[in-house]
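Each chain is listed here by its residues.
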Amino acid sequence: MKCLAIGNFRINLPIIQGGMGVGISLSGLASSVANQGGIGVIATAGIGMQEPDFFSNFAEANVRALRMQIKKARALTEGILGVNIMVALSNFADLVKTAIDESIDIIFSGAGLPLSLPSFLKGSEKTKLVPIVSSGKAAKILSQKWLNDYDYLPDAIVVEGPKAGGHLGFKPDQIDNPEYALENLVKDVIEKVKPLEDTKGKPIPVIAAGGIYTGQDIYNMMQLGAAGVQMATRFVPTVECDASDAFKKCYINANKDDIGIIKSPVGLPGRAIINNFLRSSFAGKKKPLVCPYHCISTCESKTSPYCIALALLNAKKGNMNNGFAFAGLNAYRSTSVIPVKELIETLQKEYAQADRQQTIAAALDS
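What you see is a predicted model, and the numbers here were worked out from it, not measured in a lab.

1. What about the packing of aromatic side chains?
One pass over the structure, following the stated rule, counts 10 aromatic pairs. Measuring from centroid to centroid gives 5.3 Å for phenylalanine 324 and phenylalanine 326, while their planes differ by 90°, and the two rings are edge-to-face. Since its relative accessible area comes to 0%, phenylalanine 324 is described here as buried. Note on phenylalanine 326: relative accessible area 12%, which makes it buried. Members of the aromatic cluster, joined through ring pairs, are Phe277, Tyr306, Phe324 and Phe326. For the cation-ring pair, lysine 202 lies above tyrosine 152, with the distance from its terminal atom to the ring centre recorded as 4.5 Å.

2. Some thoughts on the pattern of salt bridges
With the rule as written, the count across this model stands at 14 salt bridges. Notably, a salt bridge pairs aspartate 149 with lysine 145, separated by 2.8 Å at the nearest N-O pair. One end of the pair, aspartate 149, and the other, lysine 145, are both in helix 4 (residues 136–150), four residues apart, so they sit about a helical turn from each other. Linking lysine 202 and aspartate 155 is a salt bridge whose minimum nitrogen-to-oxygen distance equals 3.2 Å.

3. Description of the environment of isoleucine 344
Here isoleucine 344 shows up in helix 10 (residues 340–365). Overall, isoleucine 344 belongs to the buried group, its relative accessible area being 2%. C-alpha separation for the pair isoleucine 344 and glutamine 36, spaced 308 residues apart in sequence, amounts to 7.4 Å. Beyond its immediate sequence surroundings of up to four residues, isoleucine 344 is in contact with Leu13, Gln36 and Phe235.

4. Quick look at helix 5 (residues 182–200)
With 19 residues, helix 5 should reach 27 Å at 1.5 Å per residue; the first-to-last C-alpha distance of 27 Å fits that figure. Where helix 5 bends most, the angle comes to about 35°, and this point is valine 193, followed within four residues by the proline proline 195. Considering only its buried residues, helix 5 is in contact with strand 7 (128–133), helix 4, strand 8 (157–160), strand 10 (206–209) and helix 6 (215–223). Phi turns positive, to about 65°, at glycine 201, one or two residues after helix 5.

5. Things to note about the nonpolar core
Core analysis: the largest hydrophobic core is formed by 55 residues, its most contacted members being Ile218 and Phe235. If near-sequence neighbours (up to four positions away) are discounted, phenylalanine 235 is found in contact with Ile15, Gln17, Leu29, Val33, Cys241, Val340, Leu343 and Ile344. Ranked by size, the runner-up nonpolar core spans 29 residues in total, among them Phe92, Leu95, Leu129 and Tyr152.

6. Considering helix 6
Residues Gly215, Ile218, Tyr219, Met221 and Met222 constitute the buried set of helix 6. Along the axis of helix 6, the buried residues cluster in a sector spanning 165°; they form a single face. Against the buried residues of helix 6 lie strand 3 (15–17), helix 5, strand 10, strand 11 (228–231) and helix 10. N-cap assignment for helix 6: the residue whose side-chain oxygen lies 3.3 Å from the backbone N of glutamine 216 is threonine 214. Once helix 6 finishes, glycine 225 follows within two positions and takes phi at roughly 115°, a positive value.

7. Some points on unusual backbone geometry
That bond from glycine 21 to valine 22 is cis: its omega, 5°, falls within 30 degrees of zero. Following the sequence through the fold, valine 22 ends up in the loop between strand 3 and helix 1 (27–35). One non-glycine residue with positive phi stands out, namely aspartate 151, at about 50°. Relative to the assigned elements, aspartate 151 resides in the loop between helix 4 and strand 8. Taking relative accessible area as the criterion, aspartate 151 reaches 52% and is therefore assigned exposed.

About the thresholds
Residues numbered from 1 in each chain as written. Predicted model: local features only at pLDDT ≥ 70, side-chain atom pairs only at ≥ 80, totals over all residues. Heavy atoms only, no water. Phe/Tyr/Trp six-rings, centres within 6.5 Å; stacked < 30°, edge-to-face > 60°. Buried < 20%, exposed > 50% of the residue type's maximum accessible area, 1.4 Å probe, protein only. Lys NZ or Arg CZ within 6 Å of the ring centre and 35° of its normal. Salt bridge = Lys/Arg side-chain N within 4 Å of Asp/Glu carboxyl O. Helix = DSSP H or I, 4+ residues; strand = E, 2+ residues; numbered from the N terminus. Contact = heavy atoms within 4.5 Å. Expected span 1.5 Å × (residues − 1). Bend = angle between axes of the 7 residues up to and from the residue. Core = buried A, V, L, I, M, F, W, Y, C linked by side-chain atoms within 4.5 Å. Arc of directions from axis to C-beta. Polar contact = N/O pair within 3.5 Å; in protein donor to acceptor, adjacent residues only side chain to side chain.

Shown next as structure tokens:
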């Protein structure tokens, strides 16, 4: 695989492990991926929920937990580490400032356009900024805004398609529409940011995400011009993933028909493994809900059938009767829990095989 360049970072393995909350990708998984040459990512959504004072001291608990997870990951790897900070988080600014203060290598930010993200750098050149978008239009608007207001262009852009797990940046009728297939989105984003690259003489690598599962998938995206890929679902059934064994078993035991689209309490469609907890919410059974802090700015806590943050935390801990697992479209393909190192080796072999097949096909055609 080709080396991925993000600013002054050279990533030998052009794979970014997607950020997964609540507590699914923390220091354990992130450091393991970084040790294999990829980019390990700590998810900040609900990161402080296991702190003893979370409900009484929301802001400080999250900042403290983020600092701790970054320091733990740094102690376990000399590789490249990132954090995923959703724009929709009500404590977005605190988490961004904390990550920069801890000299994190890269901030990935989506679930809304992070229009003000460069303002937090305050002259720092260490941390790179990578927005996550779902269209070429969004990539162009954000990049132009950053250029006009901060004389700064994204260090890379992740474009996430509708096959991803978790919250999706698409309307329900767009999710299965071929027009919004990742292949089309990748080409669209590359086309939209090219003039801005030329203006500043700064490359903006485009990273493909959403439904990428095999080395063949990685090869296909890079053939389209993507500089790398982001993968999340494939990293859940790994030994080092920070989720409980019960959470990982949900992936292994899932059938294709178990994976569906839900309407999240935060107002977005999301892809998850449908279980009894979700079925009861579909039936209108409201769970006891106490909202100690409005953690997601778009959440309608007064009318929500459940607290999504608590549901995801329960799932992370293995309490699936009171929670559920977000998952990408291909989660049902998981068959066993393996070490990250073995997964990476498998992806590299699959990529090499795809490359050989393409070379043979090209030779036959000539």
